[in-house]
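# Tertiary structure, described
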Amino acid sequence: MNQFEIRQHFIDFFKEKHHLFVPSDSLIPRGDKTLLFTNAGMNQFKDIFLNQRKPPSPRIVNSQKCMRVSGKHNDLEDVGRDTYHHTFFEMLGNWSFGDYYKKEAILFAWELMTAIWQLPKEKLWATYYKDDEEARQIWADETDINQKQILPFDEKDNFWEMGETGPCGPCSEIHIDLGSDFCHLRNEPDHHCGVNMNCPRFIELWNLVFIQYNKDGQGTLSPLPYKHIDTGMGFERLVAVLQGKKSNYDTDIFRPLISHIEEMSNTPYGQEGQHNVSMRVIADHIRAVTFLISDGIFPSNEGRGYVLRRILRRAVRHGKLLELTEPFLYQLASTCIDTMAAAYPELKEDPNNTILIIKKEEERFRQTLHRGLFILEGMIEKNKQAQKSVLSGQDMFLLYDTYGFPSDLTKELLEEHNIGLDESGFQEAMALQKAKGRSSWEGTERLKQEEELARTYQDIAPTVFVGYQQVSDNSNVIALFLEGQPIDEAPSGMTVECLLDKTPFYGEAGGQVGDIGLLTSATGSSQVLNTTRTPQGHFIHHIKVEQGTLSLGDTVTAKIDTQRRDDIRRNHTSTHLLHAVLREILGDHVRQAGSLVSPDHFRFDFTHFERISQSDLVLIEREINRLILANIDVHSETTSFDTAVQEGAMALFDEKYASEVRMIRIPGISLELCGGTHVHKTGDIGLLKIRHEGGIAAGIRRIEAITGKKAHSWIVHLDQEVHEIASLLKTSEDRLKQKISCVLIQNKELEKEIVILRNSIMKNELRRMMDETVEINGIKVVINHLHHMDTNDLRSLCDQVKQKIERAIIILASERAGKVIMVAAVTAALIPAFHAGKLVNQIARMLGGGGGGRADFAQAGGKFVDKIDEVLAEVPDLITQLVK
Ligand code: SER
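These numbers come from a predicted model, not from an experiment.

With 16 residues, helix H17 (residues 614-629) extends 23 Å from end C-alpha to end C-alpha; this agrees with the ideal 22 Å at 1.5 Å per step. Taken together, the buried positions of H17 are Leu 617, Ile 620, Glu 621, Ile 624, Asn 625, Leu 627 and Ile 628. In an axial view of H17, the angular spread of the buried residues amounts to 155°, which keeps them on one side of the axis. Every exposed residue of H17 that faces more than 90 degrees away from the buried side is listed here: Arg 622 and Leu 629. Each element contacted by the buried residues of H17 is listed here: helix H16 (562-586), strand E29 (688-697) and strand E30 (700-707).

Now the structure itself:
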């Protein structure tokens, strides 16, 4: 059977047992901030396990794309070293949601493995959680497995958790004994061949999880209302076993990639040795990279994009070990797409884009590597010279942070040179850095806050939002909170949180800011300063009571600031137009990566590799304004998520959408899933002006723009500025450019003249200074007050005097910008008897300042410009005293 047949066989087996086939979810877990990547087939069903959503069928079967490179499930270190761990892999699974349980799950698995696929029973082993007597009995009594091959294990091996939080439960696994040939460790002193003994002879094929708990942010397990089945079978391993291959890399899943690497590197693939490890790493990583990018992840320095970048870079490094010196990964990406697209058609949606992103990133990394290696080599050399055996954490951090050189590569290279590293110093520097910048992936911390918020509002019904149709409504106050504590009444002056049964106020979401406005009741009125919302759908009005009191149960008229809302609507619809036009002009690789929609402006972040040229920006702006002038209707529609996707609606990757979704349609231009508020016709936007374009991370650009009233005031402002500039320059607006060119030319000429004049003044001054020299005890003393000189002029004069006189002390002062500047010099023949620094400091103090410097030259400053002559007159006496 080839890989496609095996995948299909599994699905068909469960379809016959009344399971519904569901396609693989994206590698980006939708709306689940606790996970960086989809790491198991069950992720997309998490909310069903938690009883938050009804399953489309009580029994489901699928084959899910997974990544295990971070968090609780991380196999990165094993990849390539062995032949059966992967970063990216597929997981076959069958599910029961409150339907069948342990017995059927075990019997289905046993039937498929032994009766259908005819795997030899004597080679199969079953494990169960030590306290799960029920599972043990099912294996012992209901299957014909060898009784000695049923083994108990503890939490580490037989209790499955998705991550730090989420659905979990005891599990039972099926392992296969591949035969003693597979264990290359068997002669090592402490090694025992066996299940769960880190022995490559015994590998886990299928995990049957009996989901019955939810683990929360505090680590508490609470029983779920229903019991479920979640099973997962590593597809690549299964294919190796069924195809009778020694390793996953010999199956038809990996063979085309391995052959392509063999061909490019001119190296045959075997099993043992570093170059084979490298070939496996590359074959594994290119799959991860290709699938991640086609699921919409872009290489970056944060979160998911960072993991993608690291994997890609790791592959490049292993390519170097195979002496692949030119970019090669992007070529392998085509092989990967050709091999896998029949099962995952999304790979074929925009293959050129995926390949291009890989190529660009590979090229960029080659430059980084080159520079980083150069710096690291310098550091290693220095370390060797200083006979240090450890590279400092600071150095390692510098490489990582400033030069983008991956720390795992630093480690590997240091190992090659037998140099250790200060891991804790590095971690410290990293922690400091992390504390400075907020990570883009919010993770468990945010979850804890959300859980706390959810607890606060748990007994309150979600708010009904009426703001799509209305700007004001009569509503009831159903809760008031002061700093998280419920209260009954808020007096005038108090700032509290208020929940209404229904509201026209938009709660901040999807990049759009919350509404502000007024709540008025029979007993008082309150300003709504902001509106936010919880994931459970509570709209929180952050209010300040202005007059009277606001009490629980009050009926209020809730009225939003409509002008502000109109400005927001203009900006929100503009982001949709911009998104569509960017894709039109720059290409389909452009995807929204974030946005902020406020009344004053909007910003739109999107994936794109390079700066947008000025001419493209003009084009983009012109096209959007053309669509605005076309005054096209903007519709909102509610439909099922599946229909929306079928219609090609743009959705954000990591947003969780309900089964009913709202779409904003600008016919022929744009279709996006969006809960925001929009204009009725594009003409309502009035005008759009792009104000800024720039990069915010590798591969992510940002455009900021203004619309409507703001765009108009911007033009008025520019117009006024031009008008004022013209009148300053005493010309008319249409001759302004010409006038400015003239002024600039004149300026240049004046500058030239100034230089000539200065030189001649300096010459005169020098002559005068030499004439006014006084002599004290055979020392020539030059003391002078010059006008409008800067420090450089004074220094240059000093130098010229020094060249003319052998034994001289020079003190020069000038006023500049209302302050005294001063320099002093002493020729070599008079040092150490005199010290320029000390001398100038003493004089400057009399002028309300200070200074210092070397014995031969020093400078100082002071405040009392009027006293320069008076103080300079005292200098000869000062020197006379010093001579004595
Ligand atoms: N959730 C379990 C696993 O990932 C079974 O699917 O192993």
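Attention shifts here to the packing of aromatic side chains. Summed over all chains, the structure comprises 26 aromatic pairs. Between Phe 49 and Phe 97, the ring centres sit 5.5 Å apart and the planes meet at 55°, which makes this aromatic pair tilted. Highlighted residues: Phe 49 in helix H2 (residues 46-49) and Phe 97 in strand E5 (residues 88-97), separated in sequence by 48 residues. Centre to centre, the rings of Tyr 129 and Phe 159 are 5.9 Å apart; their planes meet at 65°, and the pair counts as edge-to-face. In this pair, Tyr 129 sits in strand E6 (residues 124-129) while Phe 159 sits in strand E8 (residues 159-161), placing the two residues 30 residues apart along the sequence.

Now for the nonpolar core. Proteins that are soluble and globular tend to have nonpolar side chains buried together. Counting 108 residues, the largest nonpolar core has Phe 10, Met 67, Trp 139, Trp 206 and Leu 329 as its most contacted members. With nine residues, helix H8 (residues 274-294) is the single largest residue contributor to this core.

Moving on: the UniProt feature "binding site: Zn(2+)" (unreviewed entry) in the chain. Here the UniProt-annotated "binding site: Zn(2+)" (unreviewed entry) positions come out as His 572, His 576, Cys 674 and His 678. Taken together, the annotated residues stretch across 107 residues yet fold into one region, lying no more than 9.9 Å apart by C-alpha. Within the secondary structure, His 572 is located in helix H16. Taking the relative accessible area as the measure of exposure, His 572 reaches 4% and is therefore buried. Non-local contacts of His 572, meaning those with residues more than four positions away in its chain, are made with Gly 510, Gln 512, Val 597, Cys 674, Gly 676, Thr 677 and His 678. With respect to the element layout, Cys 674 can be found in the loop between strand E28 (670-673) and E29. Of the residues examined, Cys 674 reaches a relative accessible area of 12% and is grouped as buried.

Reading the values: the criteria
Residues numbered from 1 in each chain as written. Predicted model: local features only at pLDDT ≥ 70, side-chain atom pairs only at ≥ 80, totals over all residues. Heavy atoms only, no water. Helix = DSSP H or I, 4+ residues; strand = E, 2+ residues; numbered from the N terminus. Expected span 1.5 Å × (residues − 1). Buried < 20%, exposed > 50% of the residue type's maximum accessible area, 1.4 Å probe, protein only. Arc of directions from axis to C-beta. Contact = heavy atoms within 4.5 Å. Phe/Tyr/Trp six-rings, centres within 6.5 Å; stacked < 30°, edge-to-face > 60°. Core = buried A, V, L, I, M, F, W, Y, C linked by side-chain atoms within 4.5 Å. UniProt positions renumbered as here; feature names shortened; annotations may be inferred.

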